[in-house]
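Read off the chains here:
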Amino acid sequence: MGKIEWAMWANEQALAAGLIYATGGIVGVAGQFRGWQFAAFGIGQYCFTVCVKAFGPLTRNYYVRAFLHAALCVPGGFMLATVLGCVCLAIASLIYLSAAIHGEHWEPILPRTEPPKRIGESIKEPPQNPPPRPPPELRRKKVDNLETAAYDNPMSVTINE
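It should be emphasised that the depicted structure is a prediction, and the values quoted were computed from it without experimental measurement. (Residues numbered from 1 in each chain as written. Predicted model: local features only at pLDDT ≥ 70, side-chain atom pairs only at ≥ 80, totals over all residues. Heavy atoms only, no water.)

Concerning the packing of aromatic side chains
Scanning the entire structure with this criterion turns up three aromatic pairs. Judged by centre distance (6.4 Å) and plane angle (65 degrees), the rings of Tyr21 and Phe41 are edge-to-face. A residue pair is termed long-range when its members are at least 10 positions apart, and Tyr21 in helix H1 (residues 6-30) and Phe41 in helix H2 (residues 36-44) qualify at 20 residues. (Phe/Tyr/Trp six-rings, centres within 6.5 Å; stacked < 30°, edge-to-face > 60°. Helix = DSSP H or I, 4+ residues; strand = E, 2+ residues; numbered from the N terminus.)

Things to note about the packing of H1 against helix H5 (residues 83-101)
For the pair H1 and H5, interaxial distance at closest approach is 8 Å and the crossing angle is 165 degrees. With respect to each other, H1 and H5 are oriented roughly antiparallel. Seen from above, H1 lies across H5 with left-handed handedness. The residues of H5 that touch H1, namely those facing Trp6, Ala7, Trp9, Ala10, Asn11, Gln13, Ala14, Ala17, Ile20 and Tyr21, are Leu84, Gly85, Cys88, Leu89, Ile91, Ala92, Ile95, Tyr96, Ser98 and Ala99. For the contact of H1 with H5, the per-class residue count stands at 16 nonpolar, four polar and no charged. (Axes fitted to C-alpha atoms, helices over the stretch in contact; angles between N-to-C directions. Parallel < 35°, antiparallel > 145°, perpendicular 65-115°, else oblique. Left-handed = near helix turned anticlockwise from the far one by under 90°. Contact = heavy atoms within 4.5 Å. Nonpolar A, V, L, I, M, F, W, Y, C, P; charged D, E, K, R; others polar.)

Structure, rendered in structure tokens:
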């Protein structure tokens, strides 16, 4: 079985959680529910993405990301409109923690330094005869003498009338 990349799933969960959290924040602020300031935090949590990028090498560690996501989900638990986003962000935090425990770390995607292999070099020699080809043991061999070059047909070729 293949190895599971937990960080990939954490990234997807955090992305979905952010959208749900922001939607709940918009509903909470628009409805002016009690504690709507927590809903405003849900809308402004997209600004924290800039903060995560600003920390640079520190946020490459998934233990740090798990802690940051856990801390960011706390204010969402105080208002009904943002509870679902809070729970989703807490799940993303747990998945980041699992990624950290499994030894994963973030690596930037860099352009390749070596040129890609040309396809033409991988083809050594194309087939000489078109399909359908006979099995290898029945193929004709190129020989100067025509008698030795012929192969025996396993099926009899007689005309029965």
